[in-house]
Amino acid sequence: MPDTAVELILASSSPRRRELLHQAGYRFKVRPPGPIEDTSIRRAPSAAAYVESLAYLKAMSAIETHGIRKGLVLGADTAVELEGRIIGKPRDEDEARQILSALAGSVHRVLTGLALVDAGTGRSRRAGTRRGERWLAHDATAVHMGPMSAADIHAYVASGEAMGKAGAYALQETGDRFVERIEGSFTNVVGLPMELLERMLKAAGYDPKDFRDVDVD
């Protein structure tokens, strides 16, 4: 049986992920990962494999960087997929404008990979299998983006909101005005699919309520 007193540790510096966990009533510590080199997984066979792999690398980096010896470490990575192309965070404002120009008027997917790693063992398994101490999964949301004029894109990028966001926009901020509708999880687009997290905790043998100060409906 799993230890019900185990700590949940978020391997991310994202304020959006912290906020989602807080809103759901979770108790957790934050231990950001060190620098991650994703060159080796850029050749992943799919966007799903890419975000799952990067989430796992982040979790393991946090364990190594902070010398974590116990607890359940949560890594997450979000990316946008457009016509088979994986789009992450823009490097600069020029790239942000290029990304938004490509996404304008499109239907694209936002994927977030999650990795839960037991820091006490570091051993691995995929959600639904029978052996090991790592759980990997992802969620995907289809986003229908409306048209954006060059002036819209320029003003949005100039606001600073595009930077640090996969796909160069934030649905939970003012970027939602460019989105016509989504199909799937809203929290997945923000960066942490809460429904998937609950399923993964259960797959790992935990009751999500054990990690919460309050039960949030």
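Keep in mind the model is a prediction, meaning the values are calculated, not measured.

Points about the environment of L21
Counting through the fold element by element, L21 comes out in helix α1 (residues 15–23). Those residues in contact with L21 that lie beyond four places of it in its chain are L10, Y26, F28, L192, M194 and L197.

Digging into unusual backbone geometry
Residues other than glycine seldom take positive phi values, yet E83 does so here, at roughly 50°. The topology assignment puts E83 in the loop between β3 (72–82) and β4 (85–87). For E83, a relative accessible area of 80% corresponds to the exposed category. For A168, which is not glycine, the phi dihedral falls at a positive 65°. Relative to the elements of secondary structure, A168 occurs in the loop between α4 (150–158) and β7 (179–183). By relative accessible area, A168 is classed as buried at 0%.

Re the packing of aromatic side chains
In the structure shown here, the tally under the stated rule is two aromatic pairs. Seen in terms of ring centroids, Y156 and F178 are 5.6 Å apart; in terms of plane orientation they differ by 85°. Their pairing is edge-to-face. Residue Y156 is located in helix α4, and its partner F178 is located in the loop between α4 and β7; the two are separated by 22 residues in the primary sequence. Comparing Y156 with F178 shows no difference in burial state: the two are buried. Taken together, a centroid distance of 5.5 Å and an interplanar angle of 65° make the contact between Y206 and F211 edge-to-face.

What counts and what doesn't
Every residue gets a number counted from 1 within its own chain, in the order that chain's sequence is written. In keeping with the predicted nature of the model, local features appear solely for residues at pLDDT of at least 70, side-chain atom pairs appear and are counted solely at 80 or more, and the whole-chain, interface and lining totals rest on all residues. Calculation of side-chain values draws on the structure's entire complement of heavy atoms; hydrogens and water are dropped beforehand. Helix numbers and strand numbers start at the N terminus; a helix is a DSSP run of H or I with at least 4 residues, a strand a run of E with at least 2. Any two residues whose heavy atoms approach within 4.5 Å at even a single point are treated as in contact. The classification of residues rests on relative accessible area computed with a 1.4 Å probe and restricted to protein chains. Under 20% of the type maximum is buried, over 50% is exposed, and intermediate values are partly exposed. Think of it this way: a Phe, Tyr or Trp ring, Trp meaning its six-membered ring, pairs with another when their centres are within 6.5 Å, and the plane angle makes it stacked under 30 degrees, edge-to-face over 60, tilted otherwise.

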